[in-house]
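A closer look at the structure
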Amino acid sequence: MRQREQWTSKIGFVLAAAGSAIGLGAIWKFPYMAGTNGGSVFVLLFIICTLAIGLPILLAEFVIGRRGQHDAVTSLKKLAPGKPWFFIGWMGLLSSFILLSFYSVVGGWILSYLARALFFRLDVADYGGLFNAIIANPGEVLIAQAVFMIMTIWIVQSGIRGGIERASRWMMPLLFIFFIVLAIRSLTLEGAMEGVRFLFVPDWSYLTGKTFLLALGQAFFSLSVGVTAMMTYASYLPKEEKLGQSAFNVSILNIFISLLAGIVIFPAVFALGQSPAEGPGLIFVVLPAIFNEIPFGGFFLILFFILLLFATLTSSISMLEIVVSTGIQKKLERRKTAAWVFGLLIFIVGIPSALSFGVLSDVKLPGGTFFDFADILTSRIGLPVGALLISIFAGFVLSTAETDDELRMKPFLNRAWKFIVRFIAPLAIIIIFIASFID
Ligand code: PHE
């Protein structure tokens, strides 16, 4: 049997973990969730949830993953022999499966924009009409989603190494630079300040249990926490890597990009007289509008969507990676087949989500369309429950000697982390959960 792969460089893991985290969560979902949930209060809760709950549990996933050195299920079995904790791994597989089924729909939208911009010259002026034309066209959304899944499968089947690590190194920084330029353009539009106020001046009437749960779900979603994705990535790590530092960097970077996305989107939303509560189409409607205000906007739009596609792929591969690595467990030679089989299944399960904005828009499930339902099932249930169990596992099942050996931070930090994953994080998740039902 082949030896298990490891990351090719020290920075490889940080890039991969950041790549998994930074994606549609920060860039697409954060602005539209903030937009539909009152702006500033959601932003504030999101930051609190990320730092106080998301970050410690991210670190817990790192600790478990590296200690286990296997796919999530095998690692959990190994660390708690004869106990049912490995169940967390199967839950993570299920959550990632559903996540990717609708994530790939949005990935497909990006491809649609790209293809149209490249081959038909996008009419950047008619941004609203363009989005509606795309999402309502069943053939186009399905083909785009399929192509996105094929790209994801392609990368996953060839293992963790290769071009991705290398490409991340310059694609991600380029995306940041782009975002900063866009933020400046957005902030200098006339009437932009109202957007800034929307993002940063709290309207406390939105402070409800439901907003809290949505912000918590957003924190987990955008950190890739609760589905054992980060556990799986950390299992490819050598012992030297400093886990605490990595978890901290990924969390801060994620907050930074989310806020930046907000600062790009909302000033423009208000300046251009659009609605912040547009929903999942928000960035697709607003971004082209901002590019329209920039010299060579059409060209930069293409470049931007290529970078966004890349950020999205570095996240989608981590979702498929969990499904594949858990599905094949130790049978490495089945990796290729598994990637294609699971990829195809995920595509099929995602079809109703893809059609949720067109032919299936009238089909109502709990919480809305198929797309909404898949999102709720994961962001409000799968991820928080997974995170809760991971926190308890790291806090109570692993011994302090074991966790200290992995953490190797300053003693007071080790102790603080242990206290948070034992008590603070689980209690917070449970309370937020209950509060959201009371509303
Ligand atoms: N964090 C990713 C994003 O923000 C989504 C993701 C969730 C990836 C869970 C893997 C696991 O786009």
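Data block above holds the structure.
First, a word on what this report is: a plain description of the structure on this page. (Residues numbered from 1 in each chain as written. Predicted model: local features only at pLDDT ≥ 70, side-chain atom pairs only at ≥ 80, totals over all residues.)

Let's talk about the packing of helix α7 (residues 138-157) against helix α14 (residues 297-328)
As a reminder, the rule being used: Axis lines are fitted through C-alpha atoms, for helices just across the contact stretch, and the angle between N-to-C directions can take any value from 0 to 180 degrees. To qualify as a helix, a DSSP run of H or I must reach at least 4 residues; to qualify as a strand, a run of E must reach at least 2; elements of each kind are numbered from the N terminus. Should the near helix be turned counterclockwise from the far one by less than a right angle, the crossing is left-handed, whereas a clockwise turn marks it as right-handed. Residues are scored as being in contact if the C-beta atoms we place from backbone atoms lie within 7 Å.
At a minimum axis separation of 9 Å, α7 and α14 run at an interaxial angle of 60°. Where α7 crosses over α14, the two elements pack in a sense that is right-handed. Residues Met151, Thr152, Ile153, Ile155 and Val156 of α7 form the contact with α14, whose participating residues are Leu313, Ser316, Ile317, Leu320, Glu321 and Val324.

Comments concerning unusual backbone geometry
You will see that serine 224, though not glycine, has its phi angle at about 60°, which is positive. By the secondary structure assignment, serine 224 is in the loop between α10 (209-223) and α11 (229-234). Positive phi, normally seen in glycine, also occurs at phenylalanine 296, with a value near 60°. For phenylalanine 296, the location among the structural elements is in the loop between α13 (282-291) and α14.

Structural notes on the site of the ligand
Note the threshold: Residues are counted as near a molecule or strand when the C-beta atom, derived from backbone positions, lies within 6 Å of that molecule or strand. Residue polarity follows a fixed list, in which Ala, Val, Leu, Ile, Met, Phe, Trp, Tyr, Cys and Pro are nonpolar, Asp, Glu, Lys and Arg are charged, and the others, Gly among them, are polar.
Neighbouring the ligand are 16 residues, the closest being Gly23, Gly25, Ser224, Ala229 and Ser315. Where the shell around the ligand is concerned, the elements lending two or more residues are α1 (10-21), α2 (24-36), α5 (87-119), α10 and α14. Of the residues assigned to the shell around the ligand, the class counts are eight nonpolar, eight polar and no charged.

Details of helix α3 (residues 40-68)
For the record, the criterion: An expected span of 1.5 Å times one less than the residue number is assigned to each helix. To get the bend at any residue, fit one axis to the seven residues that end at it and another to the seven that begin at it, then take the angle between the two axes. Burial is judged by counting the other C-beta atoms within 10 Å of a residue's own C-beta: 20 or more makes it buried, 12 or fewer makes it exposed, and any count in between marks it as partly exposed, with every C-beta position built from the backbone.
With 29 residues, α3 should reach 42 Å at 1.5 Å per residue; the first-to-last C-alpha distance of 40 Å fits that figure. The sharpest bend along α3 measures roughly 40° and falls at threonine 50. Counting buried positions over the 29 residues of α3 gives 24, a clear majority of the element. Taken from the residues just after α3, glutamine 69 is the one with a positive phi, measuring 60°.

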